[in-house]
Structure formats: C-alpha cells, structure tokens
Amino acid sequence: MKLALPSFIMWLLFFWGFFHCGLNVIAELTRFADREFYREWWNSTTLNHFWRTWNVLVHEWCVRHLYIESRRHNVKPSTAAFGTFFMSAVLHEYVCMIGFRMLRPYMFLGMMLQVPLMKLSNSWAGTRKGNMLMWLMLFVGQPVVVLMYARDYVAKWNSLMCNET
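All figures in this text were calculated on a predicted structure; none of them were measured in a lab.

Calculation rules
- Residues numbered from 1 in each chain as written.
- Predicted model: local features only at pLDDT ≥ 70, side-chain atom pairs only at ≥ 80, totals over all residues.
- Heavy atoms only, no water.
- Helix = DSSP H or I, 4+ residues; strand = E, 2+ residues; numbered from the N terminus.
- Buried < 20%, exposed > 50% of the residue type's maximum accessible area, 1.4 Å probe, protein only.
- pLDDT = per-residue confidence, 0-100.
- Core = buried A, V, L, I, M, F, W, Y, C linked by side-chain atoms within 4.5 Å.
- Contact = heavy atoms within 4.5 Å.
- Patch = residues over 30% accessible without salt bridge, like charges linked within 9 Å, V, L, I, M, F, W, Y side chains within 5 Å.
- Areas by Shrake-Rupley, 256 points an atom, 1.4 Å probe, with all protein chains shown as cover.
- Salt bridge = Lys/Arg side-chain N within 4 Å of Asp/Glu carboxyl O.
- Polar contact = N/O pair within 3.5 Å; in protein donor to acceptor, adjacent residues only side chain to side chain.
- Axes fitted to C-alpha atoms, helices over the stretch in contact; angles between N-to-C directions.
- Parallel < 35°, antiparallel > 145°, perpendicular 65-115°, else oblique.
- Left-handed = near helix turned anticlockwise from the far one by under 90°.
- Nonpolar A, V, L, I, M, F, W, Y, C, P; charged D, E, K, R; others polar.
- Phe/Tyr/Trp six-rings, centres within 6.5 Å; stacked < 30°, edge-to-face > 60°.

Overview of the overall build of the protein
Counting its regular elements, the protein contains seven helices and zero strands. Ordered by position in the sequence, the α and β elements of the protein form the string α-α-α-α-α-α-α. Taken along its principal axes, the extent of the C-alpha atoms in the protein is 55 × 40 × 40 Å. Within the protein, buried positions represent 29% of all 165 residues.

Description of the confidence of the model for the protein
Residue-level pLDDT values for the protein average 90, and 98% of them are 70 or greater. Mean pLDDT values for the elements of the protein range from 87 in helix α7 (residues 128–164) up to 94 in helix α3 (residues 56–72).

Some remarks on the nonpolar core
If you look at the biggest cluster of nonpolar residues, it comprises 20 residues, and the most contacted ones within it are Trp41, Phe50, Trp51, Trp54 and Leu138. Of all elements in the fold, only α1 (4–30), α2 (47–53), α4 (77–100), α5 (106–112) and α7 reach the threshold of two or more residues within this core. Residue contributions to this core peak at six residues, all from α1. Setting aside residues no more than four positions away along its own chain, Trp51 makes contact with His59, Phe85, His92, Met111, Gln114 and Met118.

Some remarks on a nonpolar patch on the surface
On the surface, a cluster of nonpolar side chains totalling about 460 Å² of accessible area is made up of Tyr153, Val154, Trp157, Leu160 and Met161. Tracing the chain through its elements places Met161 in helix α7.

A look at the side chain of Gln142
You can see Gln142 is positioned in helix α7. A distance of 3.4 Å separates polar atoms of two side chains, one belonging to Gln142 and the other to Ser7. Filtering out sequence-adjacent residues up to four positions away, Gln142 remains in contact with Ser7, Phe8, Trp11 and Met137.

Some words on the packing of α3 against α4
One way to put it is that α3 packs onto α4 with a least axis distance of 9 Å and a crossing angle of 140 degrees. With respect to α4, the axis of α3 lies oblique. In this structure, the crossing between α3 and α4 has a hand that is right-handed. Contacts between α3 and α4 involve Trp61, Cys62, Leu66, Tyr67, Ser70 and Arg71 from the first element and Pro77, Ala80, Ala81, Thr84, Met87, Ser88 and Leu91 from the second. Taken together, the residues of the contact of α3 with α4 break down into nine nonpolar, three polar and one charged.

A word on the side chain of Thr46
Within the element layout of this structure, Thr46 appears in the loop between α1 and α2. Taking relative accessible area as the criterion, Thr46 reaches 9% and is therefore assigned buried. Only 3.0 Å separates the side chain of Thr46 from the backbone nitrogen of His49, close enough to count as a polar contact. Residues within four places of Thr46 in sequence aside, it is in contact with Ser121, Asn122 and Ala125.

Quick notes on the packing of aromatic side chains
The final tally for this structure, using the stated rule, is 25 aromatic pairs. When the ring of Trp11 is compared with that of Phe15, the centres are 6.2 Å apart and the planes differ by 20 degrees; the resulting orientation is stacked. In this pair, Trp11 and Phe15 both sit in helix α1, four residues apart, roughly one turn of the helix. With a relative accessible area of 13%, Trp11 lands in the buried category.

Describing the environment of Trp11
C-alpha of Trp11 to C-alpha of Leu138: the two residues are 127 residues apart in sequence and 9.3 Å apart in space. Not counting the four nearest positions on each side in its chain, Trp11 is found in contact with Trp41, Trp54, Leu138 and Gln142.

Here is the structure:
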C-alpha cells in the first residue's frame, strides 16, 4: 500500500498529460474539431459509467466496432456488452504486454474482476457509496496491477542478468 498513492498520482498525471494536454495539442495541430476525449469520470457513481467516460475515444471505438457489430449478428445486448468489455480487457492486456515485454494476465483479470463489482455499483447508482467504490477501485486496483507487473518484470530482468554472469 506504500506504493498506492505514488502510483495513483502517476496515473492521474498521465491521464492529465495525455488526455488533456497531449491530445488537445494534436487536435489543435490537425484542426480536429471534436475534442471530447474524456467526460466527468471522477463523478461516476457506477463502474459502468466510469468505463464509458474516462476514455471516450476507446469507448466509442469499442461500441462502434464491437458492440454494434455484435448486435447486428443478433447477439443479446447483455452478451454483446460483456463481449465488448472482454475485448477491451484483452486490448488493455495487449498494451501492457507491449510495455513490459511479457504476457501476464494481471490487467485482464483486474478488469474482468470488476464485472461482479459493476452489478454492486449499479445498486449504488447516484450515491456517494457508488462514487467511493469507483475511487477505491482506482486507488487500490490500478496500483496492485502495476506492482504485479513491475515485480515480474524485475524478476525476469534479474534472472536474465544472473544467467549472463
């Protein structure tokens, strides 16, 4: 837990630097008119709302290319929504795999373990409890996933260094 606060602050700084500053600079340079890269995710009272608002670009891409296409093939809405979230978890895991140069299921499992919590947070929609659960998931879940990746990365690096000597 000693790393939770610094990790969370780094996540918030990355969010601000990338989504607010970086994408707006790119949008200004390319004269891209639609600048809604995120919505007010910090006020989310359900995890469903958080996932729809913190990264609007990815959410809209997933809805357009995964959810709507699934629905065109007569997949039930709940199954299409689960499949869309599942593929989003796979894509998030892929990004972590590229960054850490190793395949571990931590990001995928961290996202999929939120599916039961989504049902709980839906019962707290519009309440402070729902918002606190969303912040708890960010404050605890994200640092734990990063710590597990970092632990395995260091262990892999150390084993490679020991084998060379």
